[in-house]
2 protein chains.
Amino acid sequence: MSIAVSIVEDDARVRASLARLIDGSSGYRCVSNHSSAEDALREIPKFRPDVVLMDINLPGANGVECVRQLKPQLPGTQVIMLTVYQNTEHIFNALAAGATGYMLKQTPPPELLSAIKEVHAGGSPMSGHIARKIVQSFQHAAPVSAEAQSLSPREAEVLELLAKGFLYKEIAEQMKVSYATVHTHIRHIYEKLHVRSRTEAVAKHLGQKQPRHEFAPRI
Amino acid sequence: MSIAVSIVEDDARVRASLARLIDGSSGYRCVSNHSSAEDALREIPKFRPDVVLMDINLPGANGVECVRQLKPQLPGTQVIMLTVYQNTEHIFNALAAGATGYMLKQTPPPELLSAIKEVHAGGSPMSGHIARKIVQSFQHAAPVSAEAQSLSPREAEVLELLAKGFLYKEIAEQMKVSYATVHTHIRHIYEKLHVRSRTEAVAKHLGQKQPRHEFAPRI
DNA sequence: ACCCACATCCCCAGAACTGGCGATGGCAAA
DNA sequence: TTTGCCATCGCCAGTTCTGGGGATGTGGGT
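Residues numbered from 1 in each chain as written. Chains lettered and ligands numbered in written order. Predicted model: local features only at pLDDT ≥ 70, side-chain atom pairs only at ≥ 80, totals over all residues. Heavy atoms only, no water.

**Student:** What is the right way to look at the pairing of strand S3 (residues 51-54) of chain B in this model?
**Tutor:** Remember that side chains alternate between the two faces of the sheet whenever the strand is regular. Residue and element names in this part refer to chain B. Burial of the side chains of S3 extends over both faces: Val-51 and Leu-53 are buried on one face and Val-52 and Met-54 on the other. One ladder, built from 4 bridges, connects strand S1 (residues 3-8) with S3; its direction is parallel. What sits directly across from Val-8, in S3, is Met-54. Across 4 bridges, S3 lies against strand S4 (residues 78-83) in parallel orientation. Among the inter-strand pairings, Leu-53 is bridged to a residue of S4, identified as Ile-80. (Buried < 20%, exposed > 50% of the residue type's maximum accessible area, 1.4 Å probe, protein only. Helix = DSSP H or I, 4+ residues; strand = E, 2+ residues; numbered from the N terminus. Pairing = 2+ DSSP bridges.)

Structure representation (structure tokens):
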């Protein structure tokens, strides 16, 4: 069975040429196309396409918002953003809204077709530089500090449990050591991390483990 | 100029066949190969390859650690993890450590070659399902829990300070209220969040702000 | 052989936290 | 107006942490 594709794109010429590309390729069929987010939201659920190609820059509501509202209705449908925007803001917002692929409009037709195939097969096609930007968002992750490194294995284990809110005696039980030992480990952890309380230690610990995507839009 | 590739892989047969693949393809050359992280760390900087193919499962130190130490020395070198591990833990750690690509070992040779080319061209090649997992990490948009929502403004303020490790009395000073008030706020916070200690509350709080590995940008 | 980090255990005292019991006033919704 | 939440304040008892002081034994280096 061919892959059913819907197109959301306001430029009529681009829309038509995309439709032609898809309908003209075996294994693909274009089931609908839409020139606005409103139309897409109203019509696409009826067609239940496998894949949606979505422009970001639409008149009225934008494509990202459109994806956000469409996706819950069609969880099985994969959305590929197809746009000229390369800035991280747009990329991350689109992915967070539920898009699974992100291709630039300059993508040559054969690659676009294989992107459609790929997203349908469970992948996440992205143009090269887009992928790189996404990967980089993981790299500003807090480098495990020298401080944290210096924790002994046992100490790290204690800190892990500390972070989960266990009491000293609960930690002692779980680690099968005495309360006194836990106490000693914790004193050493505090010294090494230069903190004076459990909470500071945990904050430091979580701050390392849970790097934040620096783009994360503030509420 | 062909792309210079180094290989880090403990299995001699796999290593040899990768080297053969690379050296046998025009546009690529294998400049070195290494069977351990230690060897790789010592030798690779001398070769300054364009791309490193790195196994995760190495004897002694693991590949992720190896990338973490190698990358600062060779910022221009792109590392592709080449592994059997598909779990998010490994993927995210590898990317955070500085890898720019993540391919499964089952990848067919032609795709591996184009992955090398892609990473060298500024992209981030990833096996389909890997890419999807990465994208999904953006999608579990932290549905700011009802619990956290129910905190009153003042309580949220206290929690914020609590998370920074301040003592009750320090919080009292900063908020210009009495110790007793802070105490009351905190009791309410605990009730609402269903926790029994400062640390649990903070963990919950940080867990929302900086969601775990399935990190999610908040919208 | 010596030192050092690690892991394990112990005691103690003071500080900080937790969780009850209150109370007052304001403000907003039912 | 009554009910509810919020913010503010208080007391008290018990528990838990924090930070000192030890101690022992193991194992790796020098």
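**Student:** Where do I start with the protein's contact with DNA strand D in this structure?
**Tutor:** Lining the immediate environment of DNA strand D, one finds 22 residues, of which Tyr-168, His-183 and Tyr-190 of chain A together with Ser-152 and Ser-178 of chain B sit closest. Protein-adjacent atoms of DNA strand D, using a 4 Å cutoff, are sugar or phosphate at a proportion of 65%. Between a base nitrogen of DNA strand D and a side-chain N or O atom of His-183 of chain A, the distance comes to 2.7 Å. Between Thr-181 of chain B and DNA strand D, the recorded distance is 2.6 Å, taken from a side-chain N or O atom to a phosphate oxygen. Secondary structure elements with two or more residues in the surface near DNA strand D: helix H9 (168-175) and helix H10 (179-193) of chain A together with helix H8 (153-163) and helix H10 (179-193) of chain B. It is H10 of chain B that provides the largest number of residues to the surface near DNA strand D, a total of 6 residues. Its residues placed into classes, the surface near DNA strand D shows 7 nonpolar, 8 polar and 7 charged. (Near = heavy atom within 4 Å. Polar contact = N/O pair within 3.5 Å; in protein donor to acceptor, adjacent residues only side chain to side chain. Nonpolar A, V, L, I, M, F, W, Y, C, P; charged D, E, K, R; others polar.)

**Student:** Please clarify how the packing of aromatic side chains should be interpreted in this entry.
**Tutor:** How two aromatic rings sit relative to each other is given by the distance of their centres and the angle of their planes. A full pass over the atoms with the stated rule returns 5 aromatic pairs over all chains. Ring geometry for Phe-138 of chain A against Phe-138 of chain B: centres 6.3 Å apart, planes inclined by 85°, an arrangement best described as edge-to-face. One end of the pair, Phe-138 of chain A, is in helix H6 (residues 128-139); the other, Phe-138 of chain B, is in the loop between helix H6 (128-136) and helix H7 (146-149), on a second chain. When the centroid spacing of 5.8 Å and the interplanar angle of 45° are considered together, the rings of Tyr-168 of chain A and Tyr-179 of chain A count as tilted. Of this pair, Tyr-168 of chain A sits in helix H9 while Tyr-179 of chain A sits in helix H10; the two residues are 11 residues apart in sequence, bridging distant segments of the chain. Residue classification places Tyr-179 of chain A among the partly exposed positions, given a relative accessible area of 47%. Clustering of aromatic rings is evident, with ring pairs tying together Phe-92 and Phe-138 of chain A together with Phe-92 and Phe-138 of chain B. (Phe/Tyr/Trp six-rings, centres within 6.5 Å; stacked < 30°, edge-to-face > 60°.)

**Student:** How should helix H9 (residues 168-175) of chain B be read in this particular structure?
**Tutor:** All names here are of chain B. Turning to H9, its buried residues are Ile-171, Ala-172 and Met-175. Down the axis of H9, the buried side of the element spans an arc of 105°, and every buried residue falls inside it. The exposed set on the far side of H9, more than 90 degrees from its buried face, consists of Lys-169 and Glu-173. Check the buried side of H9 and you find it contacts H8 and H10. Just downstream of H9 lies Lys-176, where phi reads positive at about 55°. (Arc of directions from axis to C-beta. Contact = heavy atoms within 4.5 Å.)

**Student:** So what exactly am I meant to see when it comes to the side chain of Ser-124 of chain A here?
**Tutor:** Looking at the element boundaries, Ser-124 of chain A is found in the loop between helix H5 (109-120) and H6. At 3.4 Å, the side chain of Ser-124 of chain A and the side chain of Arg-132 of chain B are in polar contact. Not counting chain neighbours up to four residues away, the residues in contact with Ser-124 of chain A comprise Thr-100 and Glu-118 of chain A together with Gly-128, Ala-131, Arg-132 and Val-135 of chain B.

**Student:** Explanation requested: the protein's contact with DNA strand C in the structure shown.
**Tutor:** Looking at DNA strand C, there are 21 residues lining it, with Ser-152 and Ser-178 of chain A together with Tyr-168, His-183 and Tyr-190 of chain B nearest. For DNA strand C, the fraction of atoms within 4 Å of the protein that belong to sugar or phosphate moieties is 65%. Separating a phosphate oxygen of DNA strand C from a backbone N or O atom of Ser-178 of chain A is a distance of 2.5 Å. Between DNA strand C and Thr-184 of chain A there is a distance of 2.8 Å, counted from a base nitrogen to a side-chain nitrogen or oxygen. Split by residue class, the surface near DNA strand C holds 7 nonpolar, 7 polar and 7 charged.

**Student:** Sorry, what's going on with the packing of helix H1 (residues 12-23) of chain A against H5 of chain A here?
**Tutor:** Any two packed helices are characterised by the angle at which their axes cross and by the distance between the axes. Residues and elements named next belong to chain A. Axis separation between H1 and H5 bottoms out at 11 Å; the angle between their running directions is 70°. Comparing the axis directions of H1 and H5 gives the class roughly perpendicular. Taken as a pair, H1 and H5 cross one another with a handedness that is right-handed. Contacts between H1 and H5 pair Leu-18, Leu-21 and Ile-22 from the former with Pro-109, Leu-112, Leu-113 and Ile-116 from the latter. (Axes fitted to C-alpha atoms, helices over the stretch in contact; angles between N-to-C directions. Parallel < 35°, antiparallel > 145°, perpendicular 65-115°, else oblique. Left-handed = near helix turned anticlockwise from the far one by under 90°.)

The analysis is restricted to geometry; functional conclusions fall outside its scope.
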